Amino acid sequence: MYRKSNFCIFAAVVLAAVLNVCVTPLYAQSIAEKTQLCAGCHGADGKPIDKTIPTLWGQQAGYIYIQLRDFKRGDRKSDIMQPIASSLERQDMLDIAEYFSKKPWPDLGQPSASKDVAARAVSANQSIGCTGCHLDHFQGDGTVPRLAGMGKDYLAKQMTDFRSRARGNNPGMSDLMLATPPDDLVALAEYLSGL
Amino acid sequence: MNRFSIVGAALVGVAGLLAAPAIAQQETKQEPKSASGQAKVSPVTQQQLNSADKNSTNFLLTNGNYAQTRFYPAKQIDRDNVKNLHVAWIFQTDVKESLETSPIVVDGVMFVTTSFSHVYALDAKTGEQLWHYNHKMGPITTYCCGPNNRGVQVLGDLVYLATLDSKLIALNAKSGEVVWKTDIADPEQGYSETMAPTVIKDKVLIGTNGGEYGIRGFVKAYDAKTGKLLWTFNTVPENSVGVWATKDATGRDMHRNIQAEKDQLAKTGDPYQKLGGGVWQNPAVDLATNRIYFVVGNPSPDLDGSVRPGDNLYTDSLVSLDLDTGKYVCHFQYIAHDVWDLDAVSPAVLVDVKGKDGKTIPGVIHAGKTGHIYVHDRKDCSLIRFSEAMVPQENMWVLPTKEGARMLPGANGGVEWSPIATDPGQELAYAINLHQPMNYFVENSPYPNGKLWLGGAFKAIPTEKQSGNITAVNYNTGKIKWQVKTPEPMIGGILATAGGLVFTGEGNGKFAAYNSSNGKELWNFRAGAGVNAPPSSYMVGGKQYIVVGAGGNTQVDFHRGNNIIAFSLN
C-alpha cells in the first residue's frame, strides 16, 4: 500500500483513470477502509456526489454483489467501476454489499412525478410488469435492484443503456426495455425517482 | 413458467399507486419475542399419507393427497349451509407479500408459509401462533415471478421446506428448529425454490425454478432423515433434439423452420446444458405402480428458439419416473420448441379416466397454459384427449417478432401454476384461468451466465380487456360443463369438497363457494387482499373448516396482504 486512500478518493473524483494505480491494495483493508473509497463518489452520507452515480446505501446486497462481479468480469462496462471492482475478491464484494445494504436509503429530495407522468409510468409497469421482479413499490430483492428514489438521471441512463445494449450484463432487462417505447422510459425515470 | 406481464389497469386504481409511499414491503409486525409454543403434533406416518385421500380430518399434502385431486372428503359444509360460513379466525403473518401457500393440517396443527420462505405452525382451531421459522436468506437469490413459497410437507416429526435461495431444510415439527439443511443448487446460476416438497417413502422430492435463467432443470430425491441426495433426474436429457415435431398436442402447426434449426444444430450442437426446463409444482405419486408424474416448464431463453434447435425435450412435457431410482418411464410433449412460454406448470393429477375405447383406465390429467385440459394414459403417458379451450385462443401459433405479434392466450395462460381440483364422482376437473391478450416480442442474445435470459418479451396489450374464469371440464368427454366468468385473470388454486362445493378466490379479494355441479355461486367473502392461493379444508373438534391465504400476488400484481383466514359454520 503505497498511497493513502484519501488521495485515491481525490484522484477518483478528479480523474478516474488514476484509479488503476490507487485501488490495487483494497484486499488488505478493513471494510471501513475499503468503503471509504466508494464514499468519495457514492457519498459519505449515502447521497451520490453526482447525478450519474447510483445510490448504494440501502440497495439490495445481492444486487450490489452481482454488479461488482460483473464489473470485474467486464460483463458490465464502466471505465470508473471496472478497475475498482477488479481489485476485489468475491468475499470482499459480498462484505461490501452487505455493508451498504444495511445502511438507510437516503432521501435525495426528488419531486414526485406529476399526475400525467405517473399515469404513463404506471401503465408501462402494467404492460411489462416491472414490479413482477422489482417487487411492490419498486423496493427490489436479492439480485433485483431497488429503483424507488434512485437518481433520475442515473435511472434514465441505465434504461437507455439497456435498450441499446451498451449495458450488456442483463439481456433480459435489455429485451424488456426494447419492448418499451422511449417516451415511457422517460416517464418511468421521473416516476421512480420520486417514489 | 414465467410472466412479468401483467394485468390491466382495472386492478389497481392509479390513484392508489400514486399515493403509495416508498416503504419496505416486508415485516409488517414485530418479530414475536418468544418462540412461544410447542406444537403438539404426533408423528405423521407413511400409512397416513398414503390414505390422505380418505382422511376427512387432516389435510396432509399440498394438493390433498398423492394423486393431487384436491377433492376433500368431508361434507359438513354443504350446498345448503355454506351460506352460513363465517370467519373463525384470521392470522396475520409478518410478511406482506405475494401469498401462494397451501395450508396443511396435522391433528389440529396447521403449517403455512409466506413469501421469503417463512414457515408458521398455528393452532388450527384458534389461529394462535405456535412457532415461526424465519429463514435467514442468503444475499443471492435469483427467481422469477415473486418471492413466493407454496407450502411444506410433514413426514414423521419433520417439516420439509425448500427456500428461495435454493436450500432444502427439515424442521422439527414441534419447535420449528432446523434439524438438517442442504444446498439444492446455486442461486447465482439462476436456481430458486418456491414449491412445496413432496415427501414419500423416506424420500423428499423437489424440482426447481430457473427457466428464465438458462438453468438445466431437474427433479431430485433426498433422504428424508439425513438430507443426503439419492438421485437426480435432469429434465433435459443430453439428447434433447426429439422428433422435429411440427404440430402441438392438439394438431396445430407451430411454424417451425426445421431446416434452420438443423443448420443451427450442426453448428452449435445440442443445447441441453442451458435449456431450462424448471419443475414448478409437485409430482403426483401413483402408489400402485411406484411411479411419479410431473410437468416440466419452458425452455430457455423463453421466446428465442434460434439458439436452441430441436424439440427441447422434455420442456413443456408430462414426465413419469420410477420413484425408487428416478429413472425415466415415459413422457408426452405438449409443445415442442416452445417460443411463447405457454409451458406446463399446473400440477399433474391422477384419476381414473375413460380411455379411447371407452374403458376406464388409470389416467393422468394436466391443465395447460394453452387453456386445454389434457387427459393421458398413465401407462405410457400417451394423450387420450384434450378438452375444449377454456379461454379464447387467437393466432396460434404465430411466431414472436421484433415488432411484437399478438396471440391468445397470453404467456401466463390459460392455467398458470394454479393447481386444479377434481370431483371423480362427477368426472369433473375444475380449473381457474387467465385471459390476458399479449404481444410476443423476440430478441437474440447469448447465454448470460445465470442472468435473466428471455430472448424477448411478452407485453399485455393495454387497450384490451383482461378477465378470468372458473371452468368445470368433464375429463371423459373433454366438454366444458360450466364456466363462471370473473372480472380479472385468475391465479391461485381451487378446492372441491364432498359437500358438493368448489372454493376459489380472486385478485380483487373475493373468495367464494360454488355449486360444483353447475357453478352457481352460493357464498362469498371479501378478504381485502388478493385471494391467490389454493384453499384447504380440515376438521377440529368435530367442526369442518375452510382455510385460504389472502396476500395478493406479485406475478399478476394483485393487492398484497398477510392474512390466513379460516372459516367455519358456527
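Just so it is clear, the model here is predicted, and its values are computed rather than measured.

1. Considerations on the interface of chain B and chain A
Step number 1: Each partner contributes residues to the interface: chain B has 47 residues there, and chain A has 46 residues.
Step number 2: Between chain B and chain A, roughly 3600 Å² of surface is buried when both sides are summed, and carbon and sulfur atoms account for 56% of that area.
Step number 3: With a closest N to O distance of 2.9 Å, R90(A) and E188(B) form a salt bridge.
Step number 4: With five residues, the top contributor of residues to the side of chain B that touches chain A is strand β27 (residues 456–460) of chain B.
Step number 5: In terms of residue class, the side of chain B that touches chain A is built from 28 nonpolar, 12 polar and seven charged.

2. Thoughts on the domain arrangement of chain A
The extent of an interface is frequently quoted as the accessible surface area lost upon association of the parts.
Residues and elements named next belong to chain A.
Step number 1: Along its sequence, chain A is organised into domain 1 (54–106) and domain 2 (115–193).
Step number 2: Measuring from the centre of the C-alpha atoms in domain 1 to the corresponding centre in domain 2 gives 20 Å.
Step number 3: Taken residue by residue, the interface counts 12 residues in domain 1 and 16 residues in domain 2.
Step number 4: For the pair domain 1 and domain 2, the summed buried area comes to about 1200 Å², and 51% of that belongs to carbon and sulfur atoms.
Step number 5: Ranking the residues of domain 1 by area buried against domain 2 places Q60, Y63 and W105 at the top, with a combined share of 43%.

3. As for the sheet that holds strand β33 (residues 521–526) of chain B
Residue and element names in this part refer to chain B.
Step number 1: Strand order in this open sheet of five strands is β1-β30-β31-β32-β33, and the pairing throughout is mixed. Both outer strands of the open sheet, β1 (71–72) and β33, are each paired with one neighbouring strand and no more.
Step number 2: Judged from the four bridges that link them, strand β30 (residues 494–497) and strand β31 (residues 501–505) form a sheet pairing that is antiparallel. Bridging from a neighbouring strand, T497 pairs with L501 of β31.

4. Side note on unusual backbone geometry
All names here are of chain B.
Step number 1: For the bond running from S300 to P301, omega is -15°, close enough to zero to count as cis.
Step number 2: Within the secondary structure layout, P301 lies in the loop between β16 (291–296) and β17 (317–322).
Step number 3: In this chain, L313 is followed by Y314 through a cis amide linkage whose omega measures -10°.
Step number 4: The topology assignment puts Y314 in the loop between β16 and β17.
Step number 5: Of note, D341 is a non-glycine position whose phi angle comes to about 60°, a positive value.
Step number 6: Tracing the sequence through the fold places D341 in the loop between β18 (328–333) and β19 (349–354).

5. A few points about the nonpolar core
Step number 1: Formed by 58 residues in total, the largest nonpolar core has its most connected members in F111(B), W131(B), Y160(B) and F294(B).
Step number 2: For this core, the leading source of residues is strand β8 (residues 158–162) of chain B, giving five residues.
Step number 3: The residues contacting F111(B), other than those within four sequence positions of it, are V41(B), S102(B), P103(B), I104(B), V106(B), Y120(B), A121(B), W131(B), V152(B), V154(B), V159(B) and A173(B).
Step number 4: Counting residues in each nonpolar core, the second largest holds 41 residues, with A121(A), I128(A), L188(A) and F558(B) among its members.

6. Some thoughts on the packing of aromatic side chains
Step number 1: Applying the stated criterion across every chain, the model contains 23 aromatic pairs over all chains.
Step number 2: On the basis of an interplanar angle of 40° and a centroid distance of 4.3 Å, the ring pair of Y334(B) and Y374(B) is categorised as tilted. Here Y334(B) is found in the loop between β18 and β19, whereas its partner Y374(B) is found in strand β21 (residues 373–377), with 40 residues between them in sequence.
Step number 3: Among the residues examined, Y334(B) registers a relative accessible area of 4% and is labelled buried.
Step number 4: On the accessibility criterion, Y374(B) (3% relative accessible area) is buried.
Step number 5: Arranged with centres 4.9 Å apart and planes meeting at 80°, the rings of F525(B) and F567(B) form a pair that is edge-to-face. Linking F525(B) in strand β33 with F567(B) in strand β36 (residues 563–568), this pair joins segments that are 42 residues apart in sequence.
Step number 6: Exposure remark for F525(B): the relative accessible area of 21% places this residue in the partly exposed category.
Step number 7: Taken together, the ring pairs connect F503(B), F511(B), W523(B), F525(B) and F567(B) into an aromatic cluster.
Step number 8: Of note, K103(A) hangs over the ring of W57(A), and the distance from its end group to the ring centre comes to 4.9 Å.

Calculation criteria
- Residues numbered from 1 in each chain as written.
- Chains lettered and ligands numbered in written order.
- Predicted model: local features only at pLDDT ≥ 70, side-chain atom pairs only at ≥ 80, totals over all residues.
- Heavy atoms only, no water.
- Contact = heavy atoms within 4.5 Å.
- Buried area = accessible area lost by both parts, 1.4 Å probe.
- Salt bridge = Lys/Arg side-chain N within 4 Å of Asp/Glu carboxyl O.
- Helix = DSSP H or I, 4+ residues; strand = E, 2+ residues; numbered from the N terminus.
- Nonpolar A, V, L, I, M, F, W, Y, C, P; charged D, E, K, R; others polar.
- Domains from an automatic or database assignment.
- Pairing = 2+ DSSP bridges.
- Core = buried A, V, L, I, M, F, W, Y, C linked by side-chain atoms within 4.5 Å.
- Buried < 20%, exposed > 50% of the residue type's maximum accessible area, 1.4 Å probe, protein only.
- Phe/Tyr/Trp six-rings, centres within 6.5 Å; stacked < 30°, edge-to-face > 60°.
- Lys NZ or Arg CZ within 6 Å of the ring centre and 35° of its normal.

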